[in-house]
Amino acid sequence: MRVAALLVCVAVAGCVNTQAQVLIGTELVSSTQNEIAGEHRIFVATTRARSENPREVFDNTRSLSLSFARTDVTVPAIHAPGAIERPKSGLRDPARFFTASEVATYDGEDAFVADLAATIKARGGRALVFIHGYNTRFDDAVYRLTQLAHDAGYDGAPVLFTWASGGRTVDYIYDRDSATVARDALERTLRLVEEAGASRIDIIAHSMGNWVTLEALRQLAITGDRDIDGKLGDVVLASPDVDVDVFKSQMKRYGIPDKPFFLMLSRNDRALNISGIIAGNRPRLGEYTNDAEIASYGVIVADVTALEAGDRTNHTKFADNPLLVRLLGERLRQGDRLTETRDNLAERLNSLATGIGQTAASAADIVITTPVEVLETVTRQ
């Protein structure tokens, strides 16, 4: 009965809108250029199997080999930062909704790398790899990365690594196993992005996607190449659904990052609260209460508990809060050094908030703890 009750709660607090939709709609409505805010080419590496429905493209079942694809997605001019405007049917109306064009697939790694290389070169040598979380369908993942790249103002090549999430609220264990299966594939994908000529590879992982990301980074460290031959840029851990002790063991093997990881956590994250209960009342990294302890592993911790979210679970603040998604864009464009202080970050954050019409009070609601502060505290003791 307890497990059944928790599954009902998870149904309320899932990662995304689980409304079943295909990526490629049926009827296409014409639109003008003025009705389009932007178009983004999304490259895809996946451990999902091909769907029997060509409009779905990839389904929720696992493949033990990587597949590759790309699709172009338009964002409507009416888009509100943090939102993903989607139709309730298969209608493709670029003036009103995020709209994906036909998907191109690749026969193998070489063709994927060649095409990705051309885009990376045209985008200044940068690539962003996004790893989604639990309860995420293929179309959800494509549109989330599109929204992130658009709202953050990211000008590099967006690469989606999508593992075989079941896309249903009752598939928590299946999803966790699917993420584990995908560890080697994510490591390989990061190496392929390097082979494509990226001079800087940024990573954003959300929710359960942090598990597979941290495992892949741990594996890279074991091979002696933890920073991907010096190409690893920012690593952003958003609402990590990872046991705190597991995170500590992963980071002990990885070591203190040369460039601090950036963690966004929220104490009122309902999805992680429930995940912790399912895991035997073990705290998840994305809701942990000791910021200084986490920062000591070489992580800048941003506590965003006080900020509003776009949904009632408080689980996707990193993407659906306009201030936070712009903060991500600022972070990816400029980066931070290990020696940067909280005051430096706070000053930039207040400036950013003012620039997008947010109040200084909302910026002040983000509590930042840096590795430097922790080191200074330990030294004084």
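Residues numbered from 1 in each chain as written. Predicted model: local features only at pLDDT ≥ 70, side-chain atom pairs only at ≥ 80, totals over all residues. Heavy atoms only, no water.

As annotated in an unreviewed UniProt entry, the protein chain carries the name Alpha/beta hydrolase and is attributed to Aquibium pacificus.

Here the focus is the packing of helix α3 (residues 138-152) against helix α11 (residues 322-334). Interaxial distance between α3 and α11 falls to 8 Å at its minimum, and their mutual angle equals 75 degrees. The orientation of α3 relative to α11 falls into the category roughly perpendicular. Residues Gln147, Leu148, Asp151 and Ala152 of α3 form the contact with α11, whose own contacting residues are Val325, Arg326, Leu328, Gly329 and Arg333. Of the residues that constitute the contact of α3 with α11, the class distribution is four nonpolar, two polar and three charged. (Axes fitted to C-alpha atoms, helices over the stretch in contact; angles between N-to-C directions. Helix = DSSP H or I, 4+ residues; strand = E, 2+ residues; numbered from the N terminus. Parallel < 35°, antiparallel > 145°, perpendicular 65-115°, else oblique. Contact = heavy atoms within 4.5 Å. Nonpolar A, V, L, I, M, F, W, Y, C, P; charged D, E, K, R; others polar.)

Take the environment of Glu287 next. Assignment of secondary structure puts Glu287 in the loop between α8 (270-278) and α9 (291-295). Distance in space between the C-alpha atoms of Glu287 and Asp241 is 8.8 Å, their sequence separation being 46 residues.

Take the packing of aromatic side chains next. Aromatic ring pairs are reported here in terms of the distance separating the ring centres and the angle at which the planes meet. Summed over all chains, the structure comprises eight aromatic pairs. With a centroid separation of 5.3 Å and an interplanar angle of 70 degrees, the aromatic rings of Tyr134 and Tyr172 are classed as edge-to-face. Residue Tyr134 is located in the loop between β5 (126-131) and α3, and its partner Tyr172 is located in helix α4 (residues 172-181); the two are separated by 38 residues in the primary sequence. Tyr172 shares its class with Tyr134; the two are buried. Counting every residue linked through ring pairs, the aromatic cluster contains Phe43, Phe68, Tyr106 and Phe112. Over the ring of Phe58 we find Arg50; its NZ or CZ atom is 5.4 Å from the centre of that ring. (Phe/Tyr/Trp six-rings, centres within 6.5 Å; stacked < 30°, edge-to-face > 60°. Buried < 20%, exposed > 50% of the residue type's maximum accessible area, 1.4 Å probe, protein only. Lys NZ or Arg CZ within 6 Å of the ring centre and 35° of its normal.)

Let's shift gears to the pairing of strand β2 (residues 58-76). Across 12 bridges, strand β1 (residues 36-50) lies against β2 in antiparallel orientation. What sits directly across from Ile36, in β2, is Pro76. Pairing between β2 and strand β4 (residues 104-106): three bridges, direction antiparallel. By the bridge assignment for β4, Ala69 is matched with Thr105. Relative to strand β3 (residues 99-100), β2 runs antiparallel, the two being bridged by two bridges. Considered in β3, the bridge of Val73 is made with Ala100. (Pairing = 2+ DSSP bridges.)

The next point concerns the pattern of salt bridges. As a working rule, side chains carrying opposite charge can pair if their charged atoms are close by. One pass over the structure, following the stated rule, counts 25 salt bridges. Among the ionic pairs, Arg41 bridges to Asp72, the shortest N-O distance being 2.7 Å. With Arg41 in strand β1 and Asp72 in strand β2, the pair connects residues that are 31 residues apart, well separated along the chain. Between Asp202 and Arg200 there is a salt bridge, and its shortest N-O distance comes to 2.8 Å. The same class applies to Asp202 as to Arg200, namely buried. Here the salt bridges do not stand alone but share partners, grouping Asp241, Asp243, Asp245, Arg282 and Arg284 into one network. (Salt bridge = Lys/Arg side-chain N within 4 Å of Asp/Glu carboxyl O.)

Leu116, Val129, Ile131, Phe161, Val193, Phe247 and Ile294 are the most contacted members of the largest nonpolar core, which totals 56 residues. Here this core gets seven residues from one element, more than from any other, and that element is helix α6 (residues 209-222). In this view, Val193 contacts Leu116, Ile120, Ala127, Val129, Val159, Ala198 and Ile201; residues no more than four positions away in its chain are not counted. Core analysis: the next-biggest nonpolar cluster, separate from the first, contains 41 residues, Val142, Leu148, Phe262 and Phe318 among them. (Core = buried A, V, L, I, M, F, W, Y, C linked by side-chain atoms within 4.5 Å.)

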